[in-house]
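# Summary of structural features
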Amino acid sequence: MEKRTFAVVVFCVAWSCVATITVNIPNSLYKVARGDNITIPCSFITTVQPKQAVITWSLGLNAVITYYYPVDETDVTQGYDGRASLDLNFAAGKADLLLKAVTVKDNGKYGCRVQIPRDAQGQPDDTADLIVLVAPSKPICQIQGKAEYGQNINLTCVSEEGSPAPTYKWAGYDAQNNPRAPDPKTTDKGGILSLYNISKDTSGYYLCTSTNEIRSASCNLTLSVMPPSMNIGSTAAIIGGVVAVLVVLVIIIYCCCCRKKNEKEEYAMGVPEDENGIEAVKNGEVHCEVGQENSERRENHEERSERSYDNRKDYDDRRSDCNDRRSDYNDRRSDYNDRRSDYDDRRSDYDDRRSDYDDRRSEYSDRRSDYNDRRRDYDDRRSDYDDRRSDYDDRRNKYGDRRERYDDDRRYEDERRYNDRKDPRSDDKRDKP
Ligand SMILES: *[C@@H]1O[C@H](CO)[C@@H](O)[C@H](O)[C@H]1NC(C)=O
Ligand SMILES: *[C@@H]1O[C@H](CO)[C@@H](O)[C@H](O)[C@H]1NC(C)=O
Ligand SMILES: *[C@@H]1O[C@H](CO)[C@@H](O)[C@H](O)[C@H]1NC(C)=O
Ligand SMILES: *[C@@H]1O[C@H](CO)[C@@H](O)[C@H](O)[C@H]1NC(C)=O
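Residues numbered from 1 in each chain as written. Chains lettered and ligands numbered in written order. Predicted model: local features only at pLDDT ≥ 70, side-chain atom pairs only at ≥ 80, totals over all residues. Heavy atoms only, no water.

With that out of the way, let us pick up the packing of aromatic side chains. Aromatic rings in a pair are described by how distant their centres are and how their planes are angled relative to each other. Counted according to the given criterion, the structure contains three aromatic pairs. Look at Tyr69 and Phe90: their rings are 3.8 Å apart centre to centre, the planes differ by 10°, and that puts the pair in the stacked class. Within this pair, whereas Tyr69 is found in strand S6 (residues 62-69), its partner Phe90 is found in the loop between strand S8 (84-89) and strand S9 (94-99), the two being separated by 21 residues in sequence. For Tyr69, a relative accessible area of 27% puts it in the partly exposed group. Look at Tyr173 and Tyr205: their rings are 5.8 Å apart centre to centre, the planes differ by 45°, and that puts the pair in the tilted class. Taken together, the residues Tyr173 in strand S15 (residues 167-173) and Tyr205 in strand S18 (residues 204-211) connect sequence positions 32 residues apart. Among the residues examined, Tyr173 registers a relative accessible area of 22% and is labelled partly exposed. In this structure an aromatic cluster arises from ring pairing among Phe44, Tyr69 and Phe90. (Phe/Tyr/Trp six-rings, centres within 6.5 Å; stacked < 30°, edge-to-face > 60°. Helix = DSSP H or I, 4+ residues; strand = E, 2+ residues; numbered from the N terminus. Buried < 20%, exposed > 50% of the residue type's maximum accessible area, 1.4 Å probe, protein only.)

What follows concerns the site of ligand 4. As a matter of local geometry, ligand 4 sits amid Lys138, Tyr205 and Asn220. Within the contact set of ligand 4, a nitrogen atom lies 3.3 Å away from a side-chain nitrogen or oxygen of Tyr205. Here an oxygen atom of ligand 4 sits 2.3 Å away from a polar atom, N or O, in the side chain of Asn220. In the complex, 32% of the free accessible area of ligand 4, which totals 360 Å², lies under the protein chains. (Near = heavy atom within 4 Å. Polar contact = N/O pair within 3.5 Å; in protein donor to acceptor, adjacent residues only side chain to side chain. Areas by Shrake-Rupley, 256 points an atom, 1.4 Å probe, with all protein chains shown as cover.)

Interpretation in functional terms is not warranted from these geometric data alone.
This is the structure:
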């Protein structure tokens with residue numbers, strides 16, 4: 001300052017002391033974050049003792065604040081009320097501008113002008129740029145185009161706010177979250193990542209970072225590239241097809257089950273007829289009991305030998321009755337055998353069907369074993385019946401023996417009676433002891 005003043009003085013001396021003014025803003029560029037306060041300095045030098053002066057700060061062509069000397073009055077332009085002020089020291093040549101709570105609108109070229117009458121020479125004003133910085137807002141990541149094999153798509157990334165305008169950078173990560181080697185064709189300009197001829201390998205995680213001088217912010221998206229056929233429509237069609245196939249399968253299975261059930265019922269109807277044959281076996285037991293009953297009556301007969309003839313006739317009647325029942329029983333057995341052969345026919349028929357219905361085999365085996373059990377039961381009863389018959393025959397033999405003895409006795413008595421008649425003396429002897 002001293003030097004400059006000296007130089008002006010020298011200049012003044014050299015050129016008959018022509019008054020000149022110098023206004024200076026130290027820096028050409030000032031930066032401030034949005035919402036902060038900023039002071040833009042401005043200084044001036046004049047060679048005269050000014051009686052009056054006007055200092056003006058402007059943004060572009062519009063005044064922001066104006067100061068009048070020596071009345072010491074300040075005009076603040078509308079819109080800057082309370083926000084703009086001067087840090088002023090006229091004697092020291094200081095007229096700094098204070099802006100509070102700057103907004104994006106405060107961006108621009110600011111000028112500081114000092115007007116002094118009769119001192120218009122020199123540099124009466126200076127300018128500086130003010131940049132109000134705005135941190136980038138969280139960007140929005142989007143996919144443009146169809147994420148299908150062979151397509152070209154763009155991944156876009158835009159921050160709504162950011163001053164100065166943010167720059168964008170995309171980074172790709174593969175399925176294993178490893179950084180993706182950039183494809184030579186891929187371009188990353190102005191927040192648009194252009195991917196060409198995408199494939200399954202293009203799928204992965206993509207991160208976009210929006211950055212300016214103040215801060216950075218990021219967004220991300222997961223790209224899953226599908227085969228062209230796998231759009232929503234064809235997916236729905238595939239699901240529909242699968243459902244239709246399932247329905248058809250259910251119907252087929254249901255029909256098969258119905259048919260098998262019918263076959264089963266048809267087969268089951270043939271079996272209970274065998275039980276008639278088994279009933280015949282049970283009747284055989286009844287006949288045997290008739291024989292046993294007869295032998296019991298025989299014992300009564302022995303006790304009362306005088307009524308033996310009547311009883312014997314009765315017994316013989318019962319025996320013939322028993323024989324009738326036995327022949328009846330034999331008829332039923334032959335009937336049963338007929339039914340068995342009938343059943344065997346059905347069995348062979350069933351064997352033919354067996355190949356078709358293997359799953360019914362176990363059930364059939366159960367029924368067969370049941371049938372065998374019944375046959376064994378029947379055999380047991382038959383042997384039981386045979387035992388009783390032999391028992392009955394034994395008793396008959398015994399009875400025959402007794403009859404013989406009885407006949408012998410009778411013959412002997414007849415002989416005696418005959419002899420008695422032949423020899424009346426013996427009668428006399430007896431009558432007259
Ligand atoms: C700006 O200035 C005002 C008053 O001068 C003060 O209250 C405020 O805290 C300042 N803001 C910042 C960010 O310094
Ligand atoms: C991708 O961006 C480029 C360049 O901005 C543009 O030419 C192209 O049409 C875009 N493609 C899609 C699918 O939006
Ligand atoms: C796209 O990529 C496939 C293999 O992924 C290749 O066969 C085909 O030629 C490519 N198409 C173009 C136009 O580059
Ligand atoms: C990806 O974006 C989601 C949603 O915006 C966010 O919650 C998540 O933290 C982001 N992941 C990374 C690694 O930035």
